[in-house]
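Take a look at the letters that make up each chain.
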Amino acid sequence: MMSYYVCLHQEGVSSIPKLIEKAYANNYNVVATSINANMVPFEPDESDPTYPATILSAVDWNSKVIFTMSDVDVDSPNAKLRQHAREVLLRDVAWAEHLQNVGSVMVRLRGPENANLADIVRTKTKDLFPLGNWFIQVPITNPELATFEHRKDASAEDVTRAEHNDPWHWWNNLRIAVKQSTKVKVVIELNDSDRPSKETVRRWLGEPIEAIIIPSSLFVRNRSNYCVLKKEWQVIIGHFISVRANIIISTNPTDKALSQYADYLKKLISENCDTHMLNSYENMLEIPLQPLCDNLDSYTYEVFETDPVKYKLYQDAIQAALLDQVSDEEAKTKLTVVMLLGGGRGPLARAVFNAAELTKRQVRLYIIEKNTNAIRTLSYMVKTLWANKDVHIFSKDMRDFSPPELADIMVSELLGSFGDNELSPECLDGALKLLKPDGISIPYKSTSYINPLMTAVLHQNVCQLVSTVPAFDYGYVSLLKNIYHIDEPQALFEFTHPNRAEKIDNTRCKMLSFTVKKDCVLHGIGGYFDTHLYKDICLSINPLTHTAGMFSWFPMFFPTRPRTLKEGQTINIKFWRCVDATKVWYEWQVISDSEEWERHNICGTGYNMRL
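Just so you know, these numbers come straight off a predicted model, no measurement behind them. (Residues numbered from 1 in each chain as written. Predicted model: local features only at pLDDT ≥ 70, side-chain atom pairs only at ≥ 80, totals over all residues. Heavy atoms only, no water.)

What to know about the pairing of strand E16 (residues 445-454)
Moving residue by residue along a regular strand, the side chains alternate between the two faces of the sheet. The element E16 is extensively covered by neighbouring structure, given that nine of its 10 residues are classed as buried. Pairing of E16 with strand E19 (residues 490-496), which is carried by five bridges, proceeds in the antiparallel orientation. Residue Lys 445 lies in a different strand from E19, and its bridge partner there is Thr 496. Relative to strand E18 (residues 484-485), E16 runs antiparallel, the two being bridged by two bridges. Within E18, the position partnered with Met 454 by the bridge is Tyr 484. (Buried < 20%, exposed > 50% of the residue type's maximum accessible area, 1.4 Å probe, protein only. Helix = DSSP H or I, 4+ residues; strand = E, 2+ residues; numbered from the N terminus. Pairing = 2+ DSSP bridges.)

Some thoughts on the layout of surface pockets
Regions of empty space are outlined by a rolling probe, equal in size to a water molecule, passed over the atoms. Considering only enclosed or pocket space, the largest pocket measures out at about 920 Å³ in volume. Around the largest pocket, the lining is made up of 45 residues, and of these Leu 289, Leu 296, Thr 300, Phe 304 and Glu 422 lie nearest the centre. A class-by-class count of the residues in the lining of the largest pocket yields 24 nonpolar, 10 polar and 11 charged. Mapped by element, the contributors of at least two residues to the lining of the second largest pocket are helix H8 (198-204) and E18. (1 Å grid on protein atoms, 1.4 Å probe; cavity = no way out; pocket = protein on both sides within 12 Å on 5 of 7 lines; lining within 4 Å. Points joined across faces, edges and corners; volume = space filled by probe spheres on them. Nonpolar A, V, L, I, M, F, W, Y, C, P; charged D, E, K, R; others polar.)

Here we look at the UniProt feature "domain: PRMT5 arginine-N-methyltransferase" (unreviewed entry) in the chain
Annotation from UniProt places "domain: PRMT5 arginine-N-methyltransferase" (unreviewed entry) at residues 274-442. Its end C-alpha atoms 32 Å apart, residues 274-442 is made of 34% helix and 19% strand. (UniProt positions renumbered as here; feature names shortened; annotations may be inferred.)

Details of the UniProt feature "site: Critical for specifying symmetric addition of methyl groups" (unreviewed entry) in the chain
When the UniProt feature table is mapped to this numbering, "site: Critical for specifying symmetric addition of methyl groups" (unreviewed entry) covers Phe 304. Looking at the secondary structure, you find Phe 304 in helix H11 (residues 298-305).

Here we look at the nonpolar core
The biggest cluster of nonpolar side chains holds 175 residues, and the ones touching the most others in it are Ile 237, Phe 240, Ile 247, Leu 265, Ile 442 and Phe 575. In terms of residue count, the dominant contributor to this core is strand E21 (residues 520-534) (eight residues). Among all residues touching Ile 247, those that are not within four sequence positions of it are Tyr 5, Val 6, Cys 7, Ala 211, Ile 212, Ile 214, Ile 237, Ile 241, Leu 265 and Ile 269. (Core = buried A, V, L, I, M, F, W, Y, C linked by side-chain atoms within 4.5 Å. Contact = heavy atoms within 4.5 Å.)

So, the sheet that holds strand E11 (residues 335-341)
The strands making up a sheet associate through backbone hydrogen bonding, with each pair oriented either parallel or antiparallel. Strands sit in the order E13-E12-E11-E14-E15 across an open sheet of five strands; the sheet is parallel. The outermost strands of the open sheet, each flanked by one partner alone, are strand E13 (391-394) and strand E15 (435-442). Each neighbouring strand pair of the sheet contributes to a mean axis angle of 25 degrees, computed without reference to strand direction. With four bridges connecting them, strand E14 (residues 407-412) and E15 associate as parallel partners. (Axes fitted to C-alpha atoms, helices over the stretch in contact; angles between N-to-C directions.)

This is the structure:
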């Protein structure tokens, strides 16, 4: 299981070492409690649970304790209260910094006005030190809504006003005020009186979530008298776990069911944490591969070869094509010439031979591979594994190859995360001369898709690259984890093969319109593709139709400057695919309310694909 923590949060605690002992005995690995239970006097005295500093080792202060700051309002409209609150909070922070040099403090948002709090947080997070994080505790829905059930005097306007006073906005304003600092994360507090809508939950998934707080009142007892969560809460908490949110369970100090809560949540974590071999790539930004101009290494080939689904579908497509091209009567006499463009270390060649064997059809396979290092592995396979097969290897670029004969079927896997971003149109157009006039291509069509995304984590990662590269002019490959789909993906560019047009033009330009489902921040554009291999046999990384179990391609991410969007607003995204003599590149631009935002990657000065 991935490393999640389950934290026990209790207030009114007299001894932190005893709280840690109790937490560990009940299966928790972190505790959260007030840093200064005593509001006055200002000087710490013996009754403060954090006094003296030597009650825990420095390592334990850093790794086992999250400090909750005094619940004071530094943005109170009353100047006296505001001043007092500021002194208390700064005293808390000074003591926390003394006890922890890489620890974490948690502060609660009380409403929409947080300018003074944001100033304090920004001052404390702008430098390299201290290294600790600020966890901003935000209720998932406005707590005021829960009070209306018991109030007779609340009007419909009061309810509407409370609904519009959305805690996500409290967080968003603070996040913008602290300059999107990577040290500021959100902790979402669930409550038993108001269950959030699906879209509210989905939107939070696009934020840098540290943890969710589950009050013990959310638990109910089942028939066996065991503490469990209702199905609806299991689903909601499962979504948060899937984006790596940790768990904080908030109880009163006398609660007797602590271990039941922890065990139940650990079970929920193991059911929702979708562990796989590529977890380490989540939210990382990678510059896409350029297999046309760069030779892939053995590690990269090996990662792709372990995909359990892709090569099986290729084999199904080749099988179906062989059965269509050669009747049962001709099976023993008719030879099908298959041209494999880019053999790598042989997975597609294996798919061709498997398909031939299963269909009992005769094939002659030509493997064209420009990577001389991969040729060594392929030559070995021909000698040892395929010695009795009709197979021929050529160390050539497919665009410059003159074949001994023309192909009935051309097979390739030249597709990138955005379909055409590894230059499959240019490569397959160049290889058209290898195909018989009635020959077919597997795949025969690819389509790219885009949609607007909110993803604070990826935005922060882009900002960290700005000092070294024009980071907002790159398209990245990323295993998108903490994202909110502002609207669903739509089809962008389509390419078909073989392309027998008189004049081939692979430039494209298209504008698509999207509707914002909920107030949010646009951080960039998600890019996906699907491809038709043969007839209706498809591979897809479009979130709406994703091929189950396939991980060969991560989506793409095209960053934009962050803008807050309103529910119901229409935004247009314009995309260009540009080609010159040496390269291919994309340009992208958001157009909203007739205002044109920045156009990214003009003339391919950032991300481009070399021909």
